[in-house]
Structures are given as C-alpha cells and as structure tokens.
Amino acid sequence: MAKDAALSVLEYLQNLITRHRKANVILATGNSQIMFLRALTTLGGIDWSQVTLFHLDEYLGISADHPASFRYYLQEKVEKFITPRQFHYIQGDTNEPLEECDRYTQLLSAQPIDLVLLGIGDNGHLAFNDPSVANFNDPQTIKLVKLDLTSRQQQVNQGHFPHLDAVPQYAFTVTIPAICSAKKIFCLAPEKRKAEVIRNILYNPISTIYPASILRQKSQATLFLDTNSASLISK
C-alpha cells in the first residue's frame, strides 16, 4: 500500500512540476506514514528542488528536537533524504501561539496547495481536527485546539510518549476546509486497528462525529487502505 501510494504521488508531482515548475505539498506524520515516506523519498524521479513542503499539525510547547515533535519526525524521515525548495514548519514552541497561527496562515494562503497527504486518527480525525473541535465550515486556516482523550491516548499507544500525562493537551492544526481546498488529497489508513473507524467513516452519515467522513464529498480525494484496515468493509 505504501509503495502504491508513493508511486501515485510520484506520478502526480512529476506531471505537476513538468507543467508548472513547482508544487506545494502538505505532509502528514504518524505511524501510517512511515513506510510511505520511506518509499516516496527513495523512489527517485521527483525534482524536490521545485517542491515547497508544509505539515498539518504540531504540539504546543514542544521543541523541534523533542522525539515526539512532528518537526523532528519530518526532519528525520523526509528532510534527511531530500532537499525541497522550502520546508515551512509550524513552530510549536513559540511564545506567541496566535501569532504563529497568523504566520502559518499567510504561508499556506500565499499559493494553492497542490497535494495534502493525510492519515486518519483512531477517533476519525484529520490532522488534529478531533470530533470535539472539527468544523466543516471553519473560517480559519490553522488554529489552536485542545486534544481529546482518544487522540492523546493514541500517541501513548503508538509509543510517542511514555504516559498520558506526558502528552501535550493543546496543538496547532490545519483546519478541515484548508485541507479540503487542496487540488489533490491522498489519505493513507493501514493496519487492523483502523478497520472499525474506516467502516464508520464510510458507512455512517457525513458529520464531525467522524471528521474524515467529509472526504466522501471530495472528488479529488483518494483513500488508500490495506487488507487489514479494509477488513470490515462490506463486499
């Protein structure tokens, strides 16, 4: 699944760069992206010097060298292997979080976003748009949110933090309308633990109860599953 998704991104970016000499991409983090990013950064064939990169979310109050920081994740899994035109990181340890929202909003709004890469959280979230804060008509591009218990526990379960109290309670997140404004959306959701939430996203009404369900309305969105995550989908 990871390799097929990487090949789809490769083809899309090659065509985009051939036509426009540039591309703007927002990357996701998390365990669902590890094998995909490894494949994408080692395939070759992408002129990364024409690609500007952003990312979806970051914890508030965590430095870029913290092992659980999404900046650290992307530096280790992406920027060590490719050299993009620019990589704009959310500064999670800023002393002025609202100003950081404004700064990143301006960066994202300066050009169309050609591609957003996504995972799906255990509670159906996209980025850190948990059910409690997700808004399909959000006027903001990036905002500061309080993380719900499921999101925080997921970070512990995946080994990013030693215990729940160590997980920050607040984070920056790109909003759902900003995600859905991208020209192309590729969403990767592998593993057996995602099977139930995938079924709920695909078969329940589209609502913020399962924020990722909004992708069903987006013709530019592609959902990549493996056999395990697709195991509860009706044939």
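Heads up: the structure comes first, above all this text.
Overview of the structure.

Conventions used here
- Residues numbered from 1 in each chain as written.
- Predicted model: local features only at pLDDT ≥ 70, side-chain atom pairs only at ≥ 80, totals over all residues.
- Heavy atoms only, no water.
- Axes fitted to C-alpha atoms, helices over the stretch in contact; angles between N-to-C directions.
- Helix = DSSP H or I, 4+ residues; strand = E, 2+ residues; numbered from the N terminus.
- Parallel < 35°, antiparallel > 145°, perpendicular 65-115°, else oblique.
- Left-handed = near helix turned anticlockwise from the far one by under 90°.
- Contact = heavy atoms within 4.5 Å.
- Buried < 20%, exposed > 50% of the residue type's maximum accessible area, 1.4 Å probe, protein only.
- Polar contact = N/O pair within 3.5 Å; in protein donor to acceptor, adjacent residues only side chain to side chain.
- Pairing = 2+ DSSP bridges.
- Right-handed = clockwise from strand over helix to strand, strands pointing away.

1. Notes on the packing of helix α1 (residues 2–20) against helix α2 (residues 34–42)
Argument step 1. Relative orientation of the contacting elements α1 and α2 amounts to 45°, with a least axis distance of 8 Å. Here α1 lies oblique to α2, going by the angle between them. Pair α1 / α2 crosses with right-handed handedness. Taken together, the residues of α2 that come into contact with α1 (itself represented by A2, K3, A5, A6, V9 and L10) are M35, F36, A39 and L40.

2. Quick notes on the environment of G44
Argument step 1. Within the secondary structure, G44 sits in the loop between α2 and β2 (51–55).
Argument step 2. Accessibility expressed as a relative area gives 42% for G44, which makes it partly exposed.
Argument step 3. Separated by 34 residues in sequence, G44 and L10 place their C-alpha atoms 8.5 Å apart.

3. Some details on the side chain of Q220
Argument step 1. Tracing the chain through its elements places Q220 in the loop between α7 (195–203) and β9 (221–225).
Argument step 2. Among the polar contacts listed, one links the side chain of Q220 to the backbone oxygen of C180, at a separation of 2.9 Å.
Argument step 3. Discounting chain neighbours no more than four positions away, the residues touching Q220 are C180, A182, K183, K184 and I185.

4. Observations concerning the pairing of strand β1 (residues 23–27)
Argument step 1. Of all five residues in β1, five are buried; the element is thus mostly enclosed.
Argument step 2. Neither face of β1 is open: one carries A23, V25 and L27, the other N24 and I26, and all of them are buried.
Argument step 3. When β1 meets β2, the two strands line up parallel, connected through five bridges. What sits directly across from L27, in β2, is H55.
Argument step 4. Between β1 and its parallel partner β2, the chain crosses via α2, and the hand of that crossover is right-handed.
Argument step 5. Strand direction decides the pairing type here: β1 and strand β5 (residues 115–118), joined by two bridges, are parallel.

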